[in-house]
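Commentary on secondary and tertiary structure
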Amino acid sequence: MKSMKTIWGGLCLCAVLGSCTSAAPKDEAAEVKAPDKSEVVIENILTRRSIRQYKPQAVNRDTMQVILNCGINAPNGQNKQSWEVRVVDNPEFIDGLTEIFKKENPKAAEDPSFKNMFRNAPTVVFIAHDTKYDMSQIDCGLLGENMVLSAWSMGIGSCCLGSPVRFMNTNKDAAPYLKKLNFSEGYELLYCIAFGYPDEAPAAKPRSAAKIQFVD
Ligand SMILES: Cc1cc2nc3c(=O)[nH]c(=O)nc-3n(C[C@H](O)[C@H](O)[C@H](O)COP(=O)(O)O)c2cc1C
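The notes below deal with the structure included here.

Each value, and the rule that gives it
- Residues numbered from 1 in each chain as written.
- Predicted model: local features only at pLDDT ≥ 70, side-chain atom pairs only at ≥ 80, totals over all residues.
- Heavy atoms only, no water.
- Salt bridge = Lys/Arg side-chain N within 4 Å of Asp/Glu carboxyl O.
- Helix = DSSP H or I, 4+ residues; strand = E, 2+ residues; numbered from the N terminus.
- 1 Å grid on protein atoms, 1.4 Å probe; cavity = no way out; pocket = protein on both sides within 12 Å on 5 of 7 lines; lining within 4 Å.
- Points joined across faces, edges and corners; volume = space filled by probe spheres on them.
- Near = heavy atom within 4 Å.
- Polar contact = N/O pair within 3.5 Å; in protein donor to acceptor, adjacent residues only side chain to side chain.
- Areas by Shrake-Rupley, 256 points an atom, 1.4 Å probe, with all protein chains shown as cover.
- Nonpolar A, V, L, I, M, F, W, Y, C, P; charged D, E, K, R; others polar.
- Phe/Tyr/Trp six-rings, centres within 6.5 Å; stacked < 30°, edge-to-face > 60°.
- Buried < 20%, exposed > 50% of the residue type's maximum accessible area, 1.4 Å probe, protein only.
- Contact = heavy atoms within 4.5 Å.
- Core = buried A, V, L, I, M, F, W, Y, C linked by side-chain atoms within 4.5 Å.

Two side chains bearing opposite charge may form a pair once their charged atoms approach each other closely. For the structure shown, the criterion picks out five salt bridges. Where E84 meets R86, a salt bridge forms, and the shortest distance between an N and an O atom there is 3.2 Å. Across the pair E99 and K102 runs a salt bridge whose closest N-O atoms are separated by 3.1 Å. Separated by three residues within a single helix, E99 and K102 lie in helix 5 (residues 91–104), roughly one turn from each other.

Right under this line is the structure:
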């Protein structure tokens, strides 16, 4: 029931947004009665949460291919596709890097639920941006959101991560791992996304509608 309430909240907001942004006259009843497809899409968006506890097995690579294909079909400036993407589901890579991370951050590993520095995920997607293109970070963000949402629709959890990338870009012992990702000249690791089969169901964090204003 709770999720239906959420869906209706979203649908009503969409109806309001639609009526404010389109000049064409519309049948009001048709606006409120959303078709099945939009209900599914909106519910997927509104129920997604960042996941930080995962089952041990890596995401099936065929499923990852679907997620990655959704990623590269994101809108992007001039269709330059100004990203580079590396997928790692090799425990040696993830655990090796985590050992270096633990030396610098011994407190993090004291948490009994700590498995690795990527919020315990078995599959990590690293995303690099083109440092010479001013819209590249936007491209990379949209790429990631497509992946996160398509993953969620298939029961795969995810968490966008900035901190591990900060560590990888600055710690000299992590350099061989960064090198192994083999990004092209001019590309820089921007963020990564943890993926895996969820082992928790966190509640939604509050959002502030006060951040939104219509300007007449
Ligand atoms: C750019 C970016 C960086 C993030 N970095 C981290 C991170 O380093 N560690 C972490 O646990 N979550 C990280 N997150 C996840 C956010 O904390 C999370 O999306 C936010 O709290 C909202 O929660 P929700 O995704 O469940 O709605 C990051 C998210 C984004 C978009």
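Let's shift gears to the layout of surface pockets. Computed from the structure, the second largest pocket encloses a volume of approximately 260 Å³. Along the walls of the second largest pocket sit 16 residues, with F101, F114, N116, M117 and R119 positioned nearest its centre.

Take the site of the ligand next. Neighbouring residues of the ligand: R48, R49, S50, R52, R119, C159, C160, L161, G162, S163, K205 and R207. Here an oxygen atom of the ligand and a side-chain polar atom of R119 are 2.6 Å apart. Here a nitrogen atom of the ligand sits 3.0 Å away from a polar atom, N or O, in the main chain of G162. Out of a free accessible area of 630 Å², the ligand has 64% covered by protein chains. Considering every element that reaches the shell around the ligand, the biggest residue donor is strand 3 (residues 157–161), with three residues. Here the shell around the ligand is composed, by residue class, of three nonpolar, three polar and six charged.

Now for the packing of aromatic side chains. For the coordinates displayed, the defined rule picks out four aromatic pairs. Both rings, one in F93 and one in F126, keep their centres 6.0 Å apart while their planes meet at 55°; by these two values the pair is tilted. Taken as a pair, F93 in helix 5 and F126 in strand 2 (residues 123–130) lie far apart in primary sequence, 33 residues in all. Classification of F93 as buried rests on a relative accessible area of 6%. For the pair F101 and F167, a centre-to-centre distance of 5.3 Å together with 80° between the ring planes defines the contact as edge-to-face. One end of the pair, F101, is in helix 5; the other, F167, is in helix 7 (residues 163–170), and 66 residues separate them in sequence.

This brings us to the side chain of S158. Structurally, S158 is set in strand 3. Excluding residues within four positions of it along the chain, S158 makes contact with R49, S50, I51, Y54, V148, I193, A194 and F195.

In a soluble, globular protein the nonpolar side chains are often hidden away together inside. Within the largest apolar cluster, 27 residues are counted, with the highest numbers of intra-cluster contacts made by L97, F118, F126 and L181. At the level of elements, helix 5, strand 2, strand 3, helix 7, helix 8 (175–181) and strand 4 (187–196) are the ones that each hand at least two residues to this core. Element by element, the count of residues in this core is highest for helix 5, at five residues. Leaving out residues up to four positions away in the same chain, L181 has contacts with R86, V88, F93, F126, M168 and L189.

So far we have only geometry, and geometry alone does not tell us how the molecule works.
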